[in-house]
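# A look at the structure
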Amino acid sequence: MSRASREIIVARNLGFKYAGAKKPAIQEIDLSIGEKEFILLTGPSGCGKTSLCRCLNGLIPNFYQGEWTGELMVGGLDVTTQPTSELSREVGYVFQNPENQLFALNVEKDIAFGPENLGLTRGEIRARVDEAMRVTSTGPLKELAPYELSGGQQQRVALAGVLAMKPNIIVLDEPTSFLDPRTAEEVMQAADNLRKELGLTILVVEHRLDLVARYAERIVVMDAGRIVADGNLEQILDEKFDTLEALGVGVPRVSLLWSMLRTDGLVKGRVPTHVEDAASALSSMMTD
Amino acid sequence: MITLEHVSFRYPSGLLALNNIDLNIQGGDFVAIMGENGAGKTTLAKQMNGLLKPSQGRVLVDDQDTKKVSVAQLARKVGLVFQNPDHLLFSETVKDEVAFGLKNFGYQPEVVEKQVERTLEALGLTEYKDTSPFLLSGGERKRVALASILASEPDYLILDEPTIGQDYLQKERLRNFILQLYSQGKAVVMITHDVEFVAESNPKVILLSKGEIVATGSADSVLSKDELVTRVSLVKPQMSRLFGTLSRYGLPRDVVDVHRARMLLEEKLSEAKATVP
Amino acid sequence: MLTPALLFASVWVMIILLAFQIPLLFMGRVARRWALSLRAGIFLSALIFVVNYFTGSIFSAIALTLRFLVLLTAFSLFFMTTSPDDLGLALDRIGAVRWLSRKWLGYPNALSFTFTTAVRLVPTLAVDAQTVVDAQRSRGLELDKGNLFRRIRNYIPILIPLLLIAIRRSLELAEALESRGFPGKEGRTSLFQLKLKASDYAVISVSAVAILLSIWVFLHYKVPVF
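Our focus in this paragraph is the nonpolar core. With 81 residues, the main nonpolar core has Ile2, Leu4, Met34, Leu44, Met48 and Leu207 of chain B as its most contacted residues. Setting aside residues up to four positions removed in sequence, leucine 44 of chain B forms contacts with Leu4, Leu18, Ile21, Leu23, Ile33 and Leu208 of chain B. Counting 78 residues, the second largest nonpolar core, distinct from the first, contains Leu118, Leu159, Val162 and Leu257 of chain A.

All right, on to the sheet that holds strand 3 (residues 38-42) of chain A then. All names here are of chain A. Ordered by their spatial adjacency, 6 strands build an open sheet running 6-7-8-3-9-10, and the pairing between neighbours is mixed. Looking at strand neighbours, the two that pair on one side only are strand 6 (91-94) and strand 10 (226-232), the edges of this open sheet. Between one strand axis and the next, the sheet turns through 15 degrees on average, direction left out of account. Of the pairings in the sheet, the one linking strand 6 to strand 7 (residues 169-173) comprises 4 bridges and is parallel in character. Counted as the bridge partner of glycine 92 is isoleucine 170 from strand 7. Against the sheet, helix 6 (residues 151-163) contacts strand 6 and strand 7, and its axis sits at roughly 165 degrees relative to strand 6.

A few words on unusual backbone geometry. With an omega of 5 degrees, the peptide bond between isoleucine 60 of chain A and proline 61 of chain A qualifies as cis. With respect to the secondary-structure elements, proline 61 of chain A resides in helix 2 (residues 59-62). Backbone geometry places glutamate 28 of chain A, a non-glycine residue, at a positive phi of 50 degrees. Along the chain, glutamate 28 of chain A turns up in strand 2 (residues 26-34). The backbone of aspartate 62 of chain B shows a phi angle near 45 degrees, a positive value even though the residue is not glycine. Its place among the elements puts aspartate 62 of chain B in the loop between strand 4 (56-61) and strand 5 (64-65).

Attention now goes to the interface of chain A and chain B. Listed as interface residues are 38 residues of chain A and, on the opposing side, 38 residues of chain B. Roughly 3,400 Å² is buried in total at the junction of chain A and chain B, and carbon and sulfur atoms are behind 63% of that figure. Three residues stand out in chain A for area buried against chain B, namely Arg182, Arg253 and Met286 of chain A, and they jointly supply 20% of the buried area on that side. Put simply, chain A and chain B have 2 salt bridges between them. Glutamate 200 of chain B is the partner of arginine 253 of chain A in a salt bridge, and the nearest nitrogen-oxygen pair spans 2.9 Å. At the junction of chain A and chain B, the tally comes to 11 residue pairs in polar contact (both at pLDDT 80 or more). Only helix 7 (181-198), helix 10 (241-247), helix 11 (253-263) and helix 12 (275-283) of chain A provide two or more residues apiece to the side of chain A that touches chain B. Partitioning the side of chain A that touches chain B into residue classes produces 21 nonpolar, 9 polar and 8 charged.

We now examine the side chain of histidine 193 of chain B. Residue placement: histidine 193 of chain B occurs in the loop between strand 8 (187-191) and helix 7 (195-201). A distance of 3.2 Å separates the side chain of histidine 193 of chain B from the side chain of glutamate 161 of chain B, its partner in a polar contact. For histidine 193 of chain B, the contacting residues outside a window of four places in its chain are Leu179, Asp180 and Pro181 of chain A together with Met34, Gly35, Asn37, Lys41, Glu161 and Leu234 of chain B.

Chain C puts 33 residues into the contact, and the matching count from chain A is 41 residues. Across the interface of chain C and chain A, roughly 3,300 Å² is buried in total on both sides, 54% from carbon and sulfur atoms. Where chain C touches chain A, the interface holds 3 salt bridges. Across the salt bridge formed by arginine 169 of chain C and glutamate 99 of chain A, the nearest N and O atoms sit 2.9 Å from each other. At the junction of chain C with chain A, the criterion picks out 9 residue pairs in polar contact (both at pLDDT 80 or more). Here the residues of the side of chain C that touches chain A are counted per class, giving 13 nonpolar, 9 polar and 11 charged.

What follows covers the pattern of salt bridges. Between side chains of opposite charge, a pair can form as their charged atoms come close. One pass over the full model with this rule turns up 43 salt bridges over all chains. Where lysine 196 of chain A meets aspartate 192 of chain A, a salt bridge forms, and the shortest distance between an N and an O atom there is 2.7 Å. With lysine 196 of chain A and aspartate 192 of chain A both in helix 7 and 4 residues apart, this pair spans about one turn of that helix. The exposed category is assigned to lysine 196 of chain A, whose relative accessible area is 64%. A salt bridge links glutamate 97 of chain B to arginine 139 of chain C; the nearest nitrogen and oxygen atoms lie 2.7 Å apart. Taken together, the residues span two chains, with glutamate 97 of chain B in helix 3 (residues 94-104) and arginine 139 of chain C in the loop between helix 7 (110-137) and helix 8 (148-154). For the residue pair glutamate 97 of chain B and arginine 139 of chain C, the accessibility class agrees, reading buried in each case.

Before going further, it helps to examine the packing of aromatic side chains. Taken as a whole, this structure holds 12 aromatic pairs over all chains when the rule is applied. Seen in terms of ring centroids, phenylalanine 9 of chain B and tyrosine 11 of chain B are 4.8 Å apart; in terms of plane orientation they differ by 85 degrees. Their pairing is edge-to-face. The class for phenylalanine 9 of chain B is buried, based on a relative accessible area of 7%. With centroids separated by 5.0 Å and ring planes inclined at 20 degrees, the aromatic side chains of phenylalanine 30 of chain B and tyrosine 182 of chain B adopt a geometry described as stacked. Here phenylalanine 30 of chain B is found in strand 3 (residues 30-35), whereas its partner tyrosine 182 of chain B is found in helix 6 (residues 168-183), with 152 residues between them in sequence. The rings of Phe16, Tyr18, Phe63 and Tyr64 of chain A are connected pair by pair, giving a single aromatic cluster. When the ring centre of tyrosine 107 of chain B is taken as reference, the NZ or CZ atom of arginine 76 of chain B above it lies at 6.0 Å.

Rules behind the numbers
- Residues numbered from 1 in each chain as written.
- Chains lettered and ligands numbered in written order.
- Predicted model: local features only at pLDDT ≥ 70, side-chain atom pairs only at ≥ 80, totals over all residues.
- Heavy atoms only, no water.
- Core = buried A, V, L, I, M, F, W, Y, C linked by side-chain atoms within 4.5 Å.
- Buried < 20%, exposed > 50% of the residue type's maximum accessible area, 1.4 Å probe, protein only.
- Contact = heavy atoms within 4.5 Å.
- Pairing = 2+ DSSP bridges.
- Helix = DSSP H or I, 4+ residues; strand = E, 2+ residues; numbered from the N terminus.
- Axes fitted to C-alpha atoms, helices over the stretch in contact; angles between N-to-C directions.
- Buried area = accessible area lost by both parts, 1.4 Å probe.
- Salt bridge = Lys/Arg side-chain N within 4 Å of Asp/Glu carboxyl O.
- Polar contact = N/O pair within 3.5 Å; in protein donor to acceptor, adjacent residues only side chain to side chain.
- Nonpolar A, V, L, I, M, F, W, Y, C, P; charged D, E, K, R; others polar.
- Phe/Tyr/Trp six-rings, centres within 6.5 Å; stacked < 30°, edge-to-face > 60°.
- Lys NZ or Arg CZ within 6 Å of the ring centre and 35° of its normal.

What follows is the structure, given as structure tokens:
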């Protein structure tokens, strides 16, 4: 974990209750996220993951009304006093349903849509669009209409669209729910690439840990609106394995297998988080 | 029994969505249809309840040709649960929603009421019976949609992507429910991308690619084959990837489910321990 | 094209107009799609022909049917060769549209944006409608059962989900719009701009002359039906 680097998101005692709701969607959230982190945010359905993400780019409280408590600073900006359009320069948001986040009638125009709102010069917009298309490999699609794309391509275009806003943080809220496993993998790789190449902070919301475990080094687990675990992914998987299982977090199958064998007294040591890890650990114990 | 004989289907746009499909589904079967996006999975499901009729070949449901009976008649026997509950929920209360199909089928009010109660009970929805379906969470709405089909007790149940957006506990509940249905002699067909769910539920797997069946077999035999899995844009389940590496130590390759993996490794590791001086 | 077609109910005028339109269809490479929309228009043409044959003469029936075809072709030419995107951009350039948009909706691009979004949503909602119909038929709904009143009621299970899906989609779209900085603080810059070329001016001039000529002929001469 890169605690040493500059903090880019800081939440103190953050809470929010939607207007008309009985219980708060999130409460007593203390969270600090540094630059260039890759974080997996998970928890059972209805635990408040999406609500927390909405706070990060100001959709809460600008778009959704309700009771706000505590404070949240994103990139040095106080979320409660900034319009979402201003926060969009800091936080890019990729939604679950690819169909409902592309507006223009072709890919290139869609990617240009965000920067056009920022009042930039035409040359600057051109440069940003080209850069975003390059990093997400969406250039070859630029003439196509959104409905002509596959789900995976749509999500890559959505990623390019938020990238062209030059944010420091990208939030992906269950970006692969509608995709087949191979395409889901491609989208995760594209997100990881953004951190490696552009040094962005990536926050992914996902039920399926096996999909993200390879890329994320930190995991934040929520339940009933609160953070119940936060730390190094390998460490949390190892130490809080039973808690995660009980919450209904889909732990990677290799981690589950290891923990069963450990209970049997057949293996020792840390729970592996992905297949390669487990394979090399088990191989070393085999005699032909 | 649902029988597809040499079924081909071409959309009016000219797209050949299904090409020469032969398939049998009978009571007690549990089948997973897997394939890439656009492989023809949903088109295949729609052939089974008559929403689409084959361009060539024929589909028989309990010996009746689907071209000769209405969808409403077939729907009593073949329940098709759509992926997104938003496409079908419209009633004021959960109770009315579940009663909708039964009323369409012309059941007596007493029967409707009894069936609604039973189904809500079975799916753990009784507490919501007077609630509007629109106030429920995504997972609950998916269950209401399922209940609205199950209420008329179809012999064949087809589920289109039932695990999308569901967390692990919800999937576990769904798995148990499916198990219950097919052990009662119903047929359950599910269309899915969820390889881990399939690996742990162990249905018969049918792989569909570009409108053709490219493989049929048990989950461990089909999902552990690299060339098949890659062809339909899936990835192998974690256990299968692990055992691919471990196969050089004399372990089998075709392991997809964690419990079988555990048994094999227990044996192997105990053996290894015993041979170490 | 429209002006003379509407001003004159003459077989010859219609034939001359069609003779102008058909090469344009091939130049615009939309002849195939035009043929498809023509097929859809056959029933309506037949109806127009029959009605006018019994209310007027064989010649007026032919003339009015041809007029329908000329109009159909003119609209096909326009909408098949003009991308909705360009149309949106063009709307955005029209001062009156921007002024109305600012007055009604608060910012100048709102109307042209509404237009492109509506066009963009049509294919998506068409698919939704088909899925809703399929889903309800799978629950035993029979749309064409019962008397007229019953049939209208049969559509409730179709219309409610469709309406709610449309609302849900718009809300999600709105969220995504906010997240991409729409509508922005200062004026919006558009990456793509429409520029009028020499050929555009030529087309505009020819059209203007044709319109004026038609009106002049209409006012001074009586053109016979045949």
